[in-house]
Amino acid sequence: MRRQRNAKIVATLGPASGTPEIIRRLVEAGADVFRLNFSHGTHEDHRKRYDIIRSVEEETGRPIGVLADLQGPKLRLGTFAEGRVQLATGDTFALDLKGGPGTRQRVSLPHPEIFQALAPGVQLLLDDGKVRLEVETSDGERAQTRVVVGGPLSDRKGVSVVGAVLPLSPLTPKDRVDLDYALELGVDWIALSFVQKPEDVEELRSIVRDRAGIMSKLEKPAAIEHLNAIVALSDAVMVARGDLGVEMAPEQVPPIQRRIVRACRQAGKPSIVATQMLESMIGVPTPTRAEVSDVASAIYHGADAVMLSAESASGQFPLEAVTMMNRIITVAENDHDYYRPMSDAARPAPGATIADVICAGIREATRLLPIAAVVTYTTSGSSSLRASRERPAASILSMATSRKIARRLTLGWGLHSVEAAAVASVDEMSIRACEAAIREGFAKTGDTIVVATGTPVGVSGTTNTLKILTA
């Protein structure tokens, strides 16, 4: 099942896409990685979907990545005596820890940790930003605010804090239970919500270790201030545009998206652009022209993957949404300007390492010669991701010596990931590479391929040889 494109598709599973038939058809339509959203559904729901994915994987003979997305902290107001109030712009309104039913003058905010971070000028966005408050005073138990944008407010609406780093772990007690369960299932990626600082990623790493890749979701403005450090500590990054668009001006989201994608490209870490990409396809079988342009723009900017959320999880047209995303990516990548000059302009300078020199040579070889395929042989995935970072003009056949790494690499740009047996020598590796390139449909007998290898064989991080072979 060779893909005729390089960027990947992440599809969220849910009530609309939980059967073996639908999941199989989603893979055929173009889904490379499936997201299990632990904000919804039971553990049993996720296990059933995981088992189906692995069954489809066996049928197709193609590794399929599985991403477990943790919910993260959800900050919510208490309740109101009448269930709903109307706040007018300019009103004063208090938040406190007293509990009890709220009024037009106050409401409980049952999160003591928030009050430690509140200071004059900090803004509180309620109900996805529909109501905005600005803190005037706070004493650690009560905050007096001024209503900046008024509107209706009802029970248990969400709260976002802008202008302060909250002293919160991104891992709630629920997340820790979900994390243990996801790792027990054997998922390939863990997505961490509510990342604010590098220490948040380190906390998750201390638990996960090497059992799964760690994907940091950047949805808080505070995270952007530590962007490079967070990218360095993560294995992949998701641009979670929904919450970013709530906590900052919407017009700031596109340049921040591009900045994140570039930082990931520089570091050789996969980037995923997510949220509302084909939102209208939740209810209708075709997207808007603006949505199509949005997906294409993410591809032009160099994203490794684009993601569907409700479109594939609970919408009426999950198969059509994946098919449409596949078509958009394919057309964008066939645009004459996609590789030159767009890809060149975003290309980071190779580092002064042997691996970077080899991968830069791969890119140059595919530019100058009629290369049918690039083959990387990898134990940790690092050499394949380094080759992906260079965006060569030929697809990359990534031969991983473990199924775990083969599945994880399904997220990387241009990587056609397969599991391969360990080899004892560079010569054996070359023979296996030629055989795999022909078997997987990348080359015909007599075609030229490039192989990135390393000695000693089987040792991670030793990519030091570039071979040009005839298949």
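Residues numbered from 1 in each chain as written. Predicted model: local features only at pLDDT ≥ 70, side-chain atom pairs only at ≥ 80, totals over all residues. Heavy atoms only, no water.

Draft legend 1. Region of the structure containing the overall build of the protein. Scanning the protein from N- to C-terminus turns up 17 helices and 21 strands. Relative to the 2.2 N^0.38 estimate, which gives 23 Å for 471 residues, the radius of gyration of the protein is 24 Å and therefore close to what a compact globule would have. On the protein, roughly 18800 Å² of surface is accessible, and the fraction owed to carbon and sulfur atoms is 52%. Placing the 55 positive and 56 negative side-chain charges of the protein at their respective mean positions leaves the two points 2 Å apart. (Helix = DSSP H or I, 4+ residues; strand = E, 2+ residues; numbered from the N terminus. Rg over C-alpha atoms; globule rule 2.2 N^0.38 Å. Areas by Shrake-Rupley, 256 points an atom, 1.4 Å probe, with all protein chains shown as cover. Lys, Arg positive; Asp, Glu negative; His and termini not counted. Charge placed at Lys NZ, Arg CZ, Asp CG, Glu CD.)

Draft legend 2. Examining helix 10 (residues 289-300) more closely. Counted at 1.5 Å a residue, the expected span for helix 10 with its 12 residues is 16 Å, and the 16 Å between its end C-alpha atoms agrees. For helix 10, the full list of buried residues reads E291, V295, A296, A298 and I299. End-on view of helix 10: buried residues confined to an arc of 155 degrees, all on one side of the axis. Exposed residues on helix 10 whose side chains face more than 90 degrees from its buried face are R289 and A290. One or two positions beyond helix 10, positive phi appears at G302, with a value near 105 degrees. (Expected span 1.5 Å × (residues − 1). Buried < 20%, exposed > 50% of the residue type's maximum accessible area, 1.4 Å probe, protein only. Arc of directions from axis to C-beta.)

Draft legend 3. Quick look at the pairing of strand 19 (residues 415-419). Extensive coverage of strand 19 is indicated by the burial of 4 of its 5 residues. Handedness of the β-α-β unit built from strand 18 (residues 396-400), helix 16 (residues 403-408) and strand 19 comes out right-handed. (Right-handed = clockwise from strand over helix to strand, strands pointing away.)

Draft legend 4. Expanded view of the side chain of S17. Within the secondary structure layout, S17 lies in the loop between strand 1 (8-13) and helix 1 (20-29). Under the relative-accessibility criterion, S17 is labelled buried at 0%. Among residues more than four places away in sequence, those in contact with S17 are T12, I22, I23, L26, S312 and A313. (Contact = heavy atoms within 4.5 Å.)

Draft legend 5. Highlighting the packing of helix 1 against helix 12 (residues 318-333). For the pair helix 1 and helix 12, the least separation of the axes is 9 Å and the interaxial angle reads 15 degrees. Relative to helix 12, helix 1 is oriented roughly parallel. Handedness of the helix 1/helix 12 crossing: right-handed. Only P318, L319, V322, T323 and N326 of helix 12 make contact with helix 1, whose side of the interface consists of R25, L26 and A29. Per-class residue counts for the contact of helix 1 with helix 12 are 5 nonpolar, 2 polar and 1 charged. (Axes fitted to C-alpha atoms, helices over the stretch in contact; angles between N-to-C directions. Parallel < 35°, antiparallel > 145°, perpendicular 65-115°, else oblique. Left-handed = near helix turned anticlockwise from the far one by under 90°. Nonpolar A, V, L, I, M, F, W, Y, C, P; charged D, E, K, R; others polar.)

Draft legend 6. Layout of the sheet that holds strand 17 (residues 371-378). Taken in spatial order, the 5 strands of this open sheet run 19-18-17-20-21, and their pairing is mixed. Looking at the sheet topology across the chains shown, the edges are occupied by strand 19 and strand 21 (463-470). When strand polarity is set aside, the average angle formed by the axes of neighbouring strands in this sheet is 20 degrees. Looking at chain direction, strand 17 and strand 20 (residues 448-454) are connected through 5 bridges and run parallel. Pairing of V375 across the sheet is with V451, part of strand 20. (Pairing = 2+ DSSP bridges.)

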